[in-house]
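In case you want the letters, here they are:
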Amino acid sequence: MSNLIVRATSTRQPVGLADAFFDRDAQTLARDLLGKVIRHRVGDLWLSARIIETEAYYCEEKGSHASLGYTEKRKALFLDGGHIYMYYARGGDSLNFSAQGPGNAVLIKSAYPWVDEISGPASLAQMLLNNPDAQGRPRPTQKLCAGQTLLCKALGLKVPVWDAKRFDHEILLVEDTGPAPTHVIQTTRLGIPHGRDEHLMYRFVDAAYAQWCTRNPLRRGQVEGRDYFLL
């Protein structure tokens, strides 16, 4: 069945989370965002991905951008919960949401392509076109959003368009499609330089999707209770 047919027979429109949802502790928000679906409307298509990995950041800890102080570029981190903070990482775009308290935020680390009555096969096809591999070939669907910059590329999210903005529920939103993850893995964040609070376990992963996140916390050699906790 084509996406056009799916859309024609569906009367449901996505319903975004209220800004108040994001007004909570950064770790709580990071965990609660798992399983939620990011939707970005491009033309007639809703490009969608289910959040499977997040990282929490606090103003007072050294791994946070906010710890470097307020600047115009970082102002979204100091605004109310539910503001979008985007920046460039390794030449790609990265997506964050401000949380409760100035300087606190959650990085959306990776996601998994989401197909339903709103985001059908044509939406997934567009995401595959948005984010080919280094040889220009389609990526495996499971790896399409397996990293913070891959996610933004697949969804077509750009720093100049969305940084320091609120959600626009006609174009960009986060939706609770249910159900919540059955098990959540809590572990250390990735890419934190030595001496910048790299030991803090502020990364959260939907256990059912662990193999498709940025780096599998259940890989060989990892020990529960030492390297990660299963919540």
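Preceding this section is the structure that the text describes.
Nothing here was measured: the structure is a model prediction, and the numbers come from that model.

Asker: What is the right way to look at the overall build of the protein chain in this model?
Answerer: The number of helices and strands found in the protein chain is five helices and nine strands. Taken from N to C terminus, the helices and strands of the protein chain fall in the order α-α-β-β-β-β-β-α-α-α-β-β-β-β. For 231 residues, the compact-globule estimate of 2.2 N^0.38 gives 17 Å, and the protein chain sits close to it at 17 Å. Its C-alpha atoms put the protein chain at 55 × 40 × 35 Å along the principal axes. Relative to its 231 residues, the protein chain shows a buried fraction of 49%. Across the protein chain, 28 positive and 25 negative side-chain charges occur, with their mean positions spaced 7 Å apart.

Asker: Is there a simple way to think about the pairing of strand S5 (residues 105-113) in this case?
Answerer: Where a strand is regular, its side chains alternate between the two sheet faces. With eight of nine residues buried, S5 lies mostly within the body of the structure. Strand direction decides the pairing type here: strand S4 (residues 92-98) and S5, joined by three bridges, are antiparallel. The residue bridging Asn96 from the neighbouring strand is Leu107, located in S5.

Asker: Even after reading the chapter, I still don't get the nonpolar core, so can you show me in this structure?
Answerer: Core analysis: the biggest nonpolar cluster contains 41 residues, and Phe22, Leu33, Ile38, Leu95, Phe97 and Ile108 have the highest contact counts within it. For this core, the element with the highest residue contribution is strand S2 (residues 45-57), accounting for five residues. Apart from residues lying up to four places away in sequence, Ile38 is in contact with Leu47, Ser48, Ala49, Ile51, Leu95, Ile108, Leu151, Leu155, Leu172, Leu173 and Val174. Grouped together as the second largest cluster of nonpolar side chains are 10 residues, Leu77, Tyr87, Leu107 and Ile192 included.

Asker: Please clarify how the environment of Asp133 should be interpreted in this entry.
Answerer: Position of Asp133 relative to the elements: it lies in the loop between helix H3 (121-130) and helix H4 (148-155). Dropping the residues within four chain positions of it, Asp133 is found in contact with Pro138 and Arg139.

Asker: Looking at this model, I keep getting lost on unusual backbone geometry. Mind explaining?
Answerer: Comment: phi is negative for the bulk of residues other than glycine, and the bulk of peptide bonds are trans. A cis amide bond, omega -10 degrees, links Gly178 with the succeeding residue Pro179. Relative to the assigned elements, Pro179 resides in the loop between strand S6 (172-175) and strand S7 (184-187). Although it is not a glycine, Ala164 sits at a positive phi angle of roughly 70 degrees. Mapping Ala164 onto the fold places it in the loop between helix H5 (159-162) and S6. In this structure, Asp197 is a non-glycine residue whose phi angle is positive, near 65 degrees.

Asker: Is there a simple way to think about the side chain of Asp93 in this case?
Answerer: Inspection of the secondary structure assignment puts Asp93 in strand S4. Side-chain polar atoms of Asp93 contact the backbone nitrogen of Val159, separated by 3.0 Å. Among residues more than four places away in sequence, those in contact with Asp93 are Met86, Tyr87, Tyr88, Gln148, Thr149, Cys152, Leu157, Lys158 and Val159.

Asker: In this structure, what is going on with the packing of aromatic side chains? I would like to understand it.
Answerer: Aromatic ring pairs are reported here in terms of the distance separating the ring centres and the angle at which the planes meet. Scanning all chains against the criterion turns up eight aromatic pairs. Judged by centre distance (5.5 Å) and plane angle (35 degrees), the ring pair of Tyr85 and Tyr87 falls under tilted. Overall, Tyr87 belongs to the buried group, its relative accessible area being 13%. Here a set of aromatic residues connected by ring pairs shows up, and it is made of Phe21, Phe22, Phe97 and Phe167.

Asker: It is not clear to me how the environment of Asn96 should be interpreted in this structure. Could you clarify?
Answerer: When you line up the elements, Asn96 lands in strand S4. A sequence separation of 52 residues divides Asn96 from Gln148, and the C-alpha atoms of the two residues are 9.5 Å apart. Not counting chain neighbours up to four residues away, the residues in contact with Asn96 comprise His83, Ile84, Tyr85, Tyr87, Val106 and Leu107.

Basis of the calculations
Residues numbered from 1 in each chain as written. Predicted model: local features only at pLDDT ≥ 70, side-chain atom pairs only at ≥ 80, totals over all residues. Heavy atoms only, no water. Helix = DSSP H or I, 4+ residues; strand = E, 2+ residues; numbered from the N terminus. Rg over C-alpha atoms; globule rule 2.2 N^0.38 Å. Buried < 20%, exposed > 50% of the residue type's maximum accessible area, 1.4 Å probe, protein only. Lys, Arg positive; Asp, Glu negative; His and termini not counted. Charge placed at Lys NZ, Arg CZ, Asp CG, Glu CD. Pairing = 2+ DSSP bridges. Core = buried A, V, L, I, M, F, W, Y, C linked by side-chain atoms within 4.5 Å. Contact = heavy atoms within 4.5 Å. Polar contact = N/O pair within 3.5 Å; in protein donor to acceptor, adjacent residues only side chain to side chain. Phe/Tyr/Trp six-rings, centres within 6.5 Å; stacked < 30°, edge-to-face > 60°.

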